[in-house]
Amino acid sequence: MNRIERVSRRGFLGSVFSAGALVLAGRVLQLHAETSSKSVTFQPNVYLGIEPTGKVIIVAHRSEMGTGNRTSLPMLVADELDADWKMVTVEQAIGDPRYGSQNTDGSHSVREFFDVLREAGASGRVMLIQAAAQRWKVAPTECETALHTVVHRPSGRRLAYGELAAAASKLPVPKKEDAPLKARSAWRYVGKDMHLYDLADICTGKAIYGMDAHIDGMVYASVEHPPVLGGKVKSCDDKEALKVAGVHQTIPIDPFKPPPAFQPLGGVAVIADNTWSAFQGRKKLNIVWDSGPNAEYDSTQYKDELRSTARKSGHVIRNEGNVDEAFAKAGQAIEAEYYVPLLAHAPMEPEVAVADVRDGKVTIWTCTQNPQAVQAIVSAQLSIPKENVICHVTLLGGGFGRKSKPDYVAEAAVLSKKLGRPVKVVWSREDDIKFGYFNAVAAMYMKAAVSEKGRPEAWLQRSVFPPIPSTFDDVNAVYGDAGHLGQGWTDVPFDISNLRVENGPARSHVRIGWLRSVANIYHGFAVQSFADELAHRAGRDPLEYLLELIGRDRVLDLKNTSYTNYGASYDVYPVDTARLRRVTQMVAEKAQWGKRKSGHRTGFGIAAHRSFLTYVATIVEVEVTDQGQVHIPRVDTVVDAGTIVNPDLTRAQFEGAVVFGTSVARTGEITATKGAINQSNFNNYPVARINEVPRQTNVYLVDSTAPPAGVGEPGVPPFIAAFCNAIFAATGTRIRDLPVGKQKLV
Amino acid sequence: MAITFTLNGGRQTVNVNPQTPLLWVLRDTLGLTGTKFGCGMALCGACTVQINGNAVRSCVTQVSSVAGKTVTTIEGLSADLSHPVQRAWMAEDVPQCGYCQSGQIMAAASLLAKTAKPTDADISEALRGNICRCGTYAQIRRAVHRAAEIKAGGGKA
């Protein structure tokens, strides 16, 4: 249930709107607030204004990092308003809790705001019609809207929206039932392709990212961080650094008090009059570190520990039938262990922030996925109220989850306070790779007992990974949290009578965070690889076998589990195996599965996975050369994401996911020695380049009227598993450890 | 030290440490932020500009080395999106986050200046130094082919 209200153009939106503008605000009421909606203070998270000039201003409260929010969300408003897209301007919101959550992650911006944005548009349209009817002294029922215009049907008179804005702004907001939404068939923009709002600015170099933010009088800072998490400066000799031309001074930054959360890592900042001088000065620092409690962390040894834990009983997350009894009866079982290393986000734009602390206030310009998290950490670090932290959000040069974590912004604020002037903190690529909030390293143990036909009669799966909550509670958080266990693990969709899902403990030695697709990466890899292994062992066709595992059409009953369903209502977004089956069958048709057989170094692999409420099935074709090089001639992927707002941008997300998945599967690996991360730049943390990606990626969107679901993340997990399954089909080499690149395939 | 070069068609003199990479002179000294910082080691191509028409990584190019030469950045390619590569980028809806695209566009423009009708292999060779983490490579490839057609058609397409 949502609410739309008319609001003052003044207030916290400042000077966005002019006098005479009709300003509407809409609020998504969260599920838990629904029952008591009357007592909830009206806090809109969506703002829409119609200016007397006819300009329509939509406030984007979520961040643009390439997923198209600044285009798709305004499309929803403009459609119901019957606005001319050319007249739509998008203003980026500052961080303010009054918008509700602004955390742009978890692939939920469209699904969460799909209704309220349309309702805001519909309300505005009704008010403009009423204003016109009053002006003409006719019944509103005789009027309708055409593009950006109200038309009086009988007389053919017309008034442009801008001419009506001032009058409409004095009218009451219609009740929801008096502002009906358009029929789907009348949609003007939704479901149709629309260019990225910022396209022209990007193609001319005018688009402003965090890296491009500038305040007069600012200095530049580069921070030498402790190489090991929790390390401290023992001594620092900055004499040589200070000799570098352009370097002003060095400033120590205090180490964080555990847990790390979003606090600065500590270290020594070099302050200079340009970025390059700061980087150069930093290289001349002579620091002796006290490495602290994680000094012995070694990722090779840690891998063995995780695998060993995965072989032992863990917490039971889901239990169907009696797995132990079924295994005992079967006598023989098939086991397999899978492993996925730590992964870094590596957005093209390294972390960067400008902060200006003055008169008890901080003004920040940064590329962040979550300006309210910026407000929270800066407020805590500087001991000032959150509302005194003004966080402007620039475009983001990629995010992938990294820019939800504002440690780099906190650094800028701390330094600006110490210096008494504005500071721009620029992270190098090395900082970005070494000081990430990594996607968790994970070990998965899989066990199945199968019938004569190879069908599983018992299935046990156990994952072990240092959980994301360890970043916020380094003492107690060792087991997976419900939300991330719910990413392709608790919700394993297979129709097996005896099925148990477990999770074991792991302590973290680096900061763990969410990265595009998150736990679905390792869970999806294990589940969909093991299914493929069982198919081959049984001599069955992997597609046919996968469909048999998905089984009869049903909604998974997860009532007895902690399943969180990505924060969405299970009634609205159940795990529906019919949809998973359908995308699997469709991708088989599209890729003409079975027409060409695997073998002779060519292989086809398939996988199907639901994540972020979206169903995806992918078929990958690989060719493996005599030297063991893997080429990917073709990928087909079928997506059921419910209602699609912008098909072109959606397809782009899934094409991009295949590229992201290629990087993860082939070369994605962060390792550590003596607590310090070994990788540093694109030479030793390679990501896919134009000559390495699939030569052809076909994305098919299922035509659906179901509620909209996520599109930014769900493409990655099934690609990775299908790719590895294809390698097996081509070579007979089973990939159980990622990345593939390190392994001998032929 | 004063260093003079031609920048986007105009004469430009800067007084900076001659070892400073061109990237940081463009960005921090001259405020031309269309050219992006991505890796600092010529590994990602985000900082690609043209020097005398050649695609060059400005993050590893000392500013002293461009004295007397002609430097073109994304801002100088065309301010009105009239360059065939920009037009093709718009038509093919290439960008996602857009951060790498200045570099991609400059590398593609340099390729087309030398190779009127590039093959897929030519495109891979010319652009494999430019990383796009969002994964817009398929669109980039299509856009380069389209830009070649636009150019061949005398700017019409």
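The preceding data block contains the structure.
Throughout this document, residue positions are counted from 1 along each chain, in the order its sequence is written. Key to labels: chains lettered from A, ligands numbered from 1, both in the order written. Local features in a predicted model are, by the rule used here, given only for residues with pLDDT of at least 70; side-chain atom pairs are given and counted only at 80 or more, and totals for whole chains, interfaces and linings are based on all residues. Remark: hydrogens and water are excluded; side-chain values derive from all non-hydrogen atoms of the structure.

A. Summary view of the sheet that holds strand 15 (residues 334-340) of chain A. All names here are of chain A. Note: two strands are recorded as paired if DSSP finds a minimum of 2 bridges between them. Going along the chain from the N terminus, every DSSP run of H or I of four or more residues is numbered as a helix, and every run of E of two or more is numbered as a strand. Read across the sheet, five strands follow the order 14-22-21-20-15 without closing on themselves; strand pairing throughout is mixed. One side of each edge strand has no neighbouring strand; the edge strands of this open sheet are strand 14 (315-320) and strand 15. Strand-to-strand twist in this sheet, taken as the mean axis angle between neighbours without regard to direction, amounts to 10 degrees. As judged from the eight bridges shared by strand 20 (residues 442-450) and strand 21 (residues 456-464), these two strands associate in the antiparallel manner. Looking at strand 21, one finds that Met 446 is bridged to Gln 461. The angle between two axes is taken between their N-to-C directions and runs from 0 to 180 degrees, where each axis is a line fitted to C-alpha atoms and a helix contributes only its stretch in contact.

B. Molecular detail of the pattern of salt bridges. All names here are of chain A. For salt bridges, the criterion is a side-chain nitrogen of Lys or Arg within 4 Å of an Asp or Glu carboxyl oxygen. The full count for this structure, using the stated rule, is 50 salt bridges over all chains. One salt bridge in this structure joins Lys 182 and Asp 79, with 2.9 Å as the shortest N-O distance. Placement of Lys 182 in the loop between helix 3 (161-168) and helix 4 (199-204) and of Asp 79 in helix 1 (residues 69-81) is noted, with a sequence separation of 103 residues between them. With respect to burial, Lys 182 and Asp 79 carry one shared label: buried. Here Asp 82 ties to Arg 188 by a salt bridge, and the two come within 3.0 Å at their closest N and O atoms. Taken as a pair, Asp 82 in the loop between helix 1 and strand 5 (88-92) and Arg 188 in the loop between helix 3 and helix 4 lie far apart in primary sequence, 106 residues in all. Partly exposed residues are those whose accessible area sits between 20% and 50% of the maximum for their type, while under 20% is buried and over 50% is exposed, using a 1.4 Å probe and protein chains only. Residue Asp 82 is classed as buried on the basis of its relative accessible area of 6%. Judged by its relative accessible area of 31%, Arg 188 falls in the partly exposed class. The network of salt bridges with common partners includes Asp 79, Asp 82, Arg 125, Lys 182 and Arg 188.

C. View of the packing of helix 1 of chain A against helix 2 (residues 109-136) of chain A. All names here are of chain A. Following both chains from N to C, one finds helix 1 and helix 2 inclined at 35 degrees, their axes separated by 6 Å at the closest point. Our pair here, helix 1 against helix 2, has a crossing hand that is right-handed. Contacts between helix 1 and helix 2 involve Asn 69, Ser 72, Leu 73, Leu 76, Val 77, Glu 80 and Leu 81 from the former and Ser 109, Val 110, Phe 113, Phe 114, Leu 117, Arg 118, Gly 121, Ala 122, Gly 124, Arg 125 and Leu 128 from the latter. Note: crossing handedness is left-handed where the near helix turns anticlockwise from the far helix by less than a right angle, and right-handed where it turns clockwise. Throughout, a residue-residue contact means that at least one pair of heavy atoms, one from each residue, lies within 4.5 Å.

D. Structural view of the environment of Arg516(A). Residue and element names in this part refer to chain A. Within the fold, Arg 516 resides in the loop between strand 22 (498-504) and helix 13 (519-537). Residue Arg 516 is classed as buried on the basis of its relative accessible area of 5%. Each C-alpha atom, one on Arg 516 and one on Glu 692, is 20 Å from the other, the two residues being 176 residues apart in sequence. Excluding its chain neighbours within four sequence positions, the residues that come into contact with Arg 516 are Phe 400, Ile 521, Gln 653, Gly 656, Ala 657, Phe 660, Gly 712, Glu 713 and Val 716.

E. View of the sheet that holds strand 6 (residues 143-146) of chain A. All names here are of chain A. Spatially, the three strands line up as an open sheet ordered 6-7-8, and their pairing is antiparallel. Each end of this open sheet is capped by a strand with a single partner; those strands are strand 6 and strand 8 (158-160). Along the sheet, successive strands turn relative to each other by an average axial angle of 25 degrees, direction set aside. Relative to strand 8, strand 7 (residues 149-152) runs antiparallel, the two being bridged by three bridges. Bridged to Val 151 within strand 8 is Arg 158.

F. Up close: the interface of chain B and chain A. The interface is formed by 48 residues belonging to chain B together with 56 residues belonging to chain A. Accessible surface is computed with a 1.4 Å probe, and the buried area is the amount of it that two parts give up when combined, taken over both parts together. Between chain B and chain A, roughly 4,200 Å² of surface is buried when both sides are summed, and carbon and sulfur atoms account for 61% of that area. If you sort the residues of chain B by the area they bury against chain A, Gln96(B), Arg133(B) and Tyr137(B) come out on top, with a joint share of 20%. Our count for the contact surface shared by chain B and chain A stands at two salt bridges. Polar contact criterion, stated in full: a pair of N or O atoms within 3.5 Å, where within protein one must be able to donate a hydrogen and the other to accept it, and residues adjacent in sequence count only if both atoms are side-chain atoms. Along the contact surface separating chain B from chain A lie 21 residue pairs in polar contact (both at pLDDT 80 or more). Taken together, the elements giving at least two residues each to the side of chain B that touches chain A come down to helix 1 (22-29), helix 2 (74-77), helix 3 (84-91), helix 4 (101-114), helix 5 (120-127) and helix 6 (137-152) of chain B. Ranked by residue count, the leading element in the side of chain B that touches chain A is helix 6 of chain B, at five residues. Here the nonpolar group is Ala, Val, Leu, Ile, Met, Phe, Trp, Tyr, Cys and Pro; Asp, Glu, Lys and Arg are the charged ones; every other residue, Gly included, is treated as polar. A class-by-class count of the residues in the side of chain B that touches chain A yields 24 nonpolar, 16 polar and eight charged.

It is worth stressing that arrangement in space is one thing and function is another; only the former is reported here.
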